[in-house]
Structures are given as C-alpha cells and as structure tokens.
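Residue strings, one per chain:
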Amino acid sequence: MSLIEITDRVHAAEARCGRPEGSVALVAVSKKQPDTRVEAVLEQGHRVFGENRVQEAAGKWPAFRERFGDVSLHLIGPLQTNKARQAVELFDVIEVLDRPKLATALARLAQERGESPELFVQVNTGEEPQKAGIPPQETGAFVKHCRGLDLPVKGLMCIPPAEEEPALHFALLAKLARENGLDHLSMGMSADFETAIAQGATHIRVGSAIFGERVAG
Ligand SMILES: *Cc1c(COP(=O)(O)O)cnc(C)c1O
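Heads up: these notes are all about the structure in this document. Going along each chain's sequence as written, the residues are numbered from 1 onward. Reporting in this predicted model follows two pLDDT cut-offs: at least 70 for local features of residues, and 80 or more for side-chain atom pairs to be given and counted; totals over whole chains, interfaces and linings ignore these cut-offs and use all residues. The side-chain figures draw on all heavy atoms in the structure; neither hydrogens nor water molecules are used.

Some thoughts on the site of the ligand
Near, as used in this document, describes a residue that has one of its heavy atoms within 4 Å of the molecule or strand being considered. Taken together, Val29, Lys31, Ile76, Ile159, Met189, Ser190, Arg205, Val206, Gly207, Ser208 and Arg214 form the complete shell of residues around the ligand. Between N or O atoms, a polar contact is any pair within 3.5 Å; within protein, one atom must be a potential hydrogen donor and the other a potential acceptor, and residues adjacent in sequence are included only when both atoms are from side chains. Backbone polar atom of Ser208 to an oxygen atom of the ligand: 2.8 Å apart, as the coordinates give it. Arg214 has a polar side-chain atom sitting 2.7 Å from an oxygen atom of the ligand. Starting from 390 Å² of accessible surface for the ligand in isolation, the protein chains cover 89%. Residues of the shell around the ligand, tallied by class, amount to 5 nonpolar, 3 polar and 3 charged. Only the protein chains shown count as cover for residues, and all accessible areas are computed by the Shrake-Rupley method using a 1.4 Å probe. Side-chain classes follow a simple rule in which Ala, Val, Leu, Ile, Met, Phe, Trp, Tyr, Cys and Pro form the nonpolar group, Asp, Glu, Lys and Arg form the charged group, and the remainder, Gly included, forms the polar group.

Here is the structure:
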C-alpha cells in the first residue's frame, strides 16, 4: 500500500456515502516507522500525522517540522499526567482525553498558556478493562465536566475490541457524539477505515497500510 492508494480508497469511501471529497482527515500513524518512510510521505505533501508516545514524537517531529513546515500532529496513545506539559507543547490535537485527572492537568496548562490543543474524548466502547477510555454510559457527564473546565472538546475517539465487529462500535461512538453535540469522530484504522467512514468518521488513523509493517521495539 501507499499514501496514494489509501487516499484513493478514502475518496471512494467518501463518495459512496455522499460525503464531499476531503471531508475525512487522514491521520498517518507514524509510530515505530523508520524516518525514511515518514520522510517519503512528507515529501508527497502529507501533513497530518499521529504518534502514540510523547517521547518518541519528541525525538523526531521537531526536526521534521523544521524541514517540512506546518504539520498537524495528533497524540493517539495514552497520556500520563506528568507528560501533559510536553504533550501540549508538541501536539496540535490530543485524542486521548480519558479521565478527570488529565482534564484538570490540561485545563491548568490551557489557562497558563492561553491556548490548548484540540481534544477528543476517548471512549472505551467495548468496556475492556485493559483499555483506556471513558465508559459509554459516562461519556455525557465527562464531556460536560470538560466543557465546564473550558476545554476545547471537538469530538470522540475509540479503538474497538480486536475480535469484535467494528461497525457496532463506530455506530455507538457516532450516537454518543450526536447526543453530546460533538461533530468530530476519530475512528477506523488500516483494517477498517472504510467501515468507519460509512459510519461517519471525520478522522481515520491509518498506519501500516500507508507505511508498511512497523519496526519492532
Ligand atoms: C497504531 C495505531 C493506529 C494505526 O494502526 P494501523 O493498524 O497500523 O493502521 C491507529 N490508532 C491507534 C490508537 C494506534 O495506536
């Protein structure tokens, strides 16, 4: 696969559900990818990327930004409160707001800095004990709590259980977003982004289908 093939498939999926071309943001997930592959995608003009670790992103994106200019960087992996400051300095979008303690930390940083990355609340749609995210039935109260802290919550994000039909989880996330007046949905990865677009995804997070298999470690 390649960026061009994936972009074509995204456009076809948009067309199938009558959505305008380019209405779905393709977040190219560059975690654990060799720099040469990331550079190749930057050279093709792509500017929206996702990373799941603050440390790893801090090691490569400042230099890429110097060379390639404006990049929109999304944090898509768990954020420890003690890394929140580094995260808000590095990322344009934080997709993993998943607990009150992190909301408090991000609100304090937003006040201090006079700005905040855009935020997505991560929902644990499968209610998996090992997975981060707000339980579906608590999403409304948590979104309200975040709004009360003046946090710029744009939408919801989920990672469905590996062994279940993703469409059901995408539909649940879309319903929760509607109920809470949110119009952005980050859902869908390499294996299921077309399903996610059909269910209303505005952001898809695609790694291996663009870059190839990740390097171990
Ligand atoms: C790694 C990762 C992705 C991308 O996964 P692929 O299957 O390589 O497309 C998407 N979302 C999250 C949260 C991830 O950690």
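Looking at the packing of aromatic side chains
Pairing of aromatic side chains here covers Phe, Tyr and the six-membered ring of Trp, requires ring centres within 6.5 Å, and sorts the geometry by plane angle: under 30 degrees stacked, over 60 edge-to-face, intermediate tilted. Applying the stated criterion across every chain, the model contains 3 aromatic pairs. Aromatic ring contacts, followed pair by pair, group Phe49, Trp61, Phe64 and Phe68 into a single cluster.

Things to note about helix α2 (residues 35-43)
Helical geometry note: an α-helix holds 3.6 residues per turn, so side chains three or four residues apart project in the same direction. Each residue is assigned to one of three classes by its accessible area relative to the maximum for its type, calculated with a 1.4 Å probe on protein chains only: buried under 20%, partly exposed between the two thresholds, exposed over 50%. Every helix listed is a DSSP run of H or I at least four residues long, and every strand listed is a run of E at least two residues long, numbered separately from the N terminus. Of all the positions in α2, only Val38, Val41 and Leu42 are classed as buried. Taken down its axis, α2 places every buried residue within 105 degrees of arc, on the same side. Exposed residues lying more than 90 degrees from the buried face of α2 are Thr36 and Glu43. Any two residues whose heavy atoms approach within 4.5 Å are treated as being in contact. Summarising the contacts, the buried residues of α2 are in contact with α1 (3-16), β2 (48-51), α3 (54-68) and α9 (208-211). Once α2 ends, the next one or two residues include Gly45, with phi positive near 100 degrees. Within this analysis, the arc is defined by the directions that extend from the helix axis to the C-beta atoms.

These results come straight from atomic positions and should not be treated as a statement about function.
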